[in-house]
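Listed below are the residues making up each chain.
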Amino acid sequence: GDFIAAGIINALKKRNIRVPQDVSVMSIDGFNLAAIEDVPLTAVHVPRDELGTEAVHMLQQRLVRPDATVGALLLYGKLVIRESVRRIRPGKEPTPIKGDGLYDYRLSSVQ
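The shown structure was predicted, so the numbers you read here are calculated from the model rather than taken from an experiment.

So, the overall build of the protein
Right, on to step 1. In terms of regular secondary structure, the protein is built from three helices and five strands.
Right, on to step 2. Ordered by position in the sequence, the α and β elements of the protein form the string α-β-α-β-α-β-β-β.
Right, on to step 3. Taking the intrachain contacts of the protein between residues at least 6 apart in sequence as the baseline, contacts between residues at least 24 apart amount to 68%.
Right, on to step 4. In the form shown here, the protein has an accessible surface area of approximately 8,600 Å², with 57% of it arising from carbon and sulfur atoms.

Given below as C-alpha cells:
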C-alpha cells in the first residue's frame, strides 16, 4: 500500500538511493497519501467502495443459495502514473494500457 511504499522511499533516501532514477517504486492502494509524498507515488487505485458492495452482495447470495457454484469477481482498478516510476522507453508519451482497465470484470467459476 501507499504507507509501505512511502516508508520504502524514505528508507531508500537514507541510503542515498534515488527514486525513480535508481529504483522505481509503486503502490497498489491509492490513498490520497500517494499524491502528497516528496516523490508522488505511481499507484493502482483499488475500487474499495465497489469491492465492499460486491462482497456484501456475494455473501447475501451465498446465504440464499449455499449450494450455488462459487465464483470470483475481479473489479477494475485505475493506474495513476506519477513520479515514482522511471520511464525506460524513449519518448514522452505514456505507454498505452490495453483494455478498459487492469482487471477483468467477469464472474467465473472457481474449481
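Observations regarding the pairing of strand β1 (residues 26-29)
Right, on to step 1. Of the two faces of β1, only one is covered, namely that formed by Ser27 and Asp29; the face formed by Met26 and Ile28 stays uncovered.
Right, on to step 2. Bridging between β1 and strand β2 (residues 42-45) involves four bridges; their strand directions are parallel. Looking at the pairing, Ile28 lines up with Val44 of β2.

Notes on the confidence of the model for the protein
Low pLDDT means the predicted atomic positions in that stretch should not be read closely.
Right, on to step 1. Counting all residues, the mean pLDDT for the protein is 77, and 72% of those residues have values of 70 or more.
Right, on to step 2. Mean pLDDT values over the elements of the protein span from 40, in strand β5 (residues 107-109), up to 89, in helix α3 (residues 48-64).
Right, on to step 3. Confidence over residues 97-111 falls short of pLDDT 50; this stretch has 35 contacts with residues more than four positions distant or in other chains.

Looking at the nonpolar core
Right, on to step 1. Counting seven residues, the largest nonpolar core consists of Ala5, Ile9, Leu12, Val19, Val25, Val39 and Leu41.
Right, on to step 2. Filtering out sequence-adjacent residues up to four positions away, Ile9 remains in contact with Val19, Val25, Val39, Leu41 and Ser84.

Structural notes on the pairing of β2
Right, on to step 1. Bridging between β2 and strand β4 (residues 78-80) involves three bridges; their strand directions are antiparallel. Within β4, the residue paired with Val44 across the bridge is Leu79.

As for the sheet that holds β2
Right, on to step 1. An order of β1-β2-β4 is seen for the three strands of this open sheet, with the pairing classed as mixed. Both edges of this open sheet fall to β1 and β4, since each of them pairs with a single strand only. Taking each pair of neighbouring strands and ignoring which way they run, the sheet shows an average axis angle of 15°.

Looking at the side chain of Ser27
Right, on to step 1. Tracing the backbone through its elements, the reader meets Ser27 in strand β1.
Right, on to step 2. With residues up to four places along the chain from it excluded, the contact list for Ser27 reads Gly1, Asp2, Ala5, Leu41, Thr42, Ala43 and Val44.

Observations regarding helix α1 (residues 2-14)
Right, on to step 1. In a regular helix each residue adds 1.5 Å, so 13 residues correspond to 18 Å; α1 covers 19 Å between its end C-alpha atoms and thus fits that length.
Right, on to step 2. Buried within α1 we find Asp2, Ala5, Ala6, Ile9 and Leu12. The buried residues of α1 all sit within an arc of 125° when viewed along its axis, so they share a single face. In α1, the exposed positions that point more than 90 degrees away from the buried face belong to Phe3, Ile4 and Lys14.
Right, on to step 3. Count one or two residues on from α1 and you reach Asn16, which has phi positive near 55°.

About the criteria used
- Residues numbered from 1 in each chain as written.
- Predicted model: local features only at pLDDT ≥ 70, side-chain atom pairs only at ≥ 80, totals over all residues.
- Heavy atoms only, no water.
- Helix = DSSP H or I, 4+ residues; strand = E, 2+ residues; numbered from the N terminus.
- Contact = heavy atoms within 4.5 Å.
- Areas by Shrake-Rupley, 256 points an atom, 1.4 Å probe, with all protein chains shown as cover.
- Buried < 20%, exposed > 50% of the residue type's maximum accessible area, 1.4 Å probe, protein only.
- Pairing = 2+ DSSP bridges.
- pLDDT = per-residue confidence, 0-100.
- Core = buried A, V, L, I, M, F, W, Y, C linked by side-chain atoms within 4.5 Å.
- Axes fitted to C-alpha atoms, helices over the stretch in contact; angles between N-to-C directions.
- Expected span 1.5 Å × (residues − 1).
- Arc of directions from axis to C-beta.

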